[in-house]
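Listed here are the chains, written in short residue letters.
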Amino acid sequence: DENYEWLLQSCKSIIHNAATVNGTIPYEGLVKDNVRATVEILKVAAANCAWLIHVGTIGVLSGSGVQDEVEVPVTEMLDRLSGYAQSKLVAEQLVL
């Protein structure tokens, strides 16, 4: 697509802070917007050596029992997280 090619050639930085935020939708319902979209943004940034600023959220820790934001929830804790928190955690791990 012509617009996509133009975007690839002209984009020098990307600020990605978009996500579907809904604590009642399960992970499967948020994968497209919160995980796959991040993968696509990473592809655009990599294709053009663009800077990527990914806006994360401390909200991924909500309900996990983690008290210190330096800790990263491990997979055993995923069942304690909402679908939103799970999807944001996966997206943030992709960016790292």
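Residues numbered from 1 in each chain as written. Predicted model: local features only at pLDDT ≥ 70, side-chain atom pairs only at ≥ 80, totals over all residues. Heavy atoms only, no water.

Asker: Mind showing me how you'd approach the confidence of the model for the protein here?
Answerer: For any part of a model where pLDDT is low, the fine detail of the predicted coordinates should not be relied upon. Averaged over all residues, the pLDDT of the protein equals 83, while 80% of them reach at least 70. When the elements of the protein are averaged for pLDDT, helix 1 (residues 2-10) gives the smallest value, 83, and helix 2 (residues 27-47) the largest, 93. (pLDDT = per-residue confidence, 0-100. Helix = DSSP H or I, 4+ residues; strand = E, 2+ residues; numbered from the N terminus.)

Asker: Help me understand helix 3 (residues 83-95) in this model?
Answerer: Given 3.6 residues per turn, any residue in an α-helix points the same way as the ones three and four places further on. Over its 13 residues, helix 3 extends 19 Å from the first C-alpha to the last, a length consistent with the 18 Å expected when each residue adds 1.5 Å. Those residues of helix 3 not exposed but buried are Gly83, Tyr84, Ala85, Gln86, Ser87, Lys88, Leu89, Ala91 and Glu92. Looking at the buried side of helix 3, the elements it contacts are helix 2 and strand 2 (51-54). (Expected span 1.5 Å × (residues − 1). Buried < 20%, exposed > 50% of the residue type's maximum accessible area, 1.4 Å probe, protein only. Contact = heavy atoms within 4.5 Å.)

Asker: How should I be thinking about unusual backbone geometry in this particular structure?
Answerer: Excluding glycine, residues mostly carry a negative phi; peptide bonds, for their part, are mostly trans. Despite not being glycine, Cys49 has its phi angle at roughly 50°, a positive value. Note that Cys49 resides in the loop between helix 2 and strand 2. Judged by relative accessible area, Cys49 falls into the exposed class, the value being 71%.

Asker: Looking at this structure, I do not really get the packing of helix 2 against helix 3. What am I missing?
Answerer: To characterise two packed helices, one gives the angle between the axes of the helices and the distance between these axes. Taken N-terminus to C-terminus, the directions of helix 2 and helix 3 make an angle of 20°; their axes are 8 Å apart at the nearest point. By the angle class used here, helix 2 and helix 3 are roughly parallel. As helix 2 packs across helix 3, the resulting crossing turns out to be right-handed. Two secondary-structure elements touch here, helix 2 through Tyr27, Leu30, Asn34, Val35, Thr38, Val39 and Leu42 and helix 3 through Gly83, Tyr84, Gln86, Ser87, Val90, Ala91, Leu94 and Val95. (Axes fitted to C-alpha atoms, helices over the stretch in contact; angles between N-to-C directions. Parallel < 35°, antiparallel > 145°, perpendicular 65-115°, else oblique. Left-handed = near helix turned anticlockwise from the far one by under 90°.)

Asker: Which parts of the structure should I look at to understand the pairing of strand 1 (residues 13-16)?
Answerer: Regular strands show a simple pattern: their side chains alternate between the two faces of the sheet. Burial along strand 1 is one-sided: Ile14 and His16 are buried, and none of Ser13 and Ile15, which face the opposite way, are. Note that strand 1 and strand 2 share four bridges and pair parallel. The partner of Ile14 across the bridge, within strand 2, is Leu52. Following the chain from strand 1 across helix 2 to the adjacent parallel strand 2, one finds a crossover that is right-handed. (Pairing = 2+ DSSP bridges. Right-handed = clockwise from strand over helix to strand, strands pointing away.)

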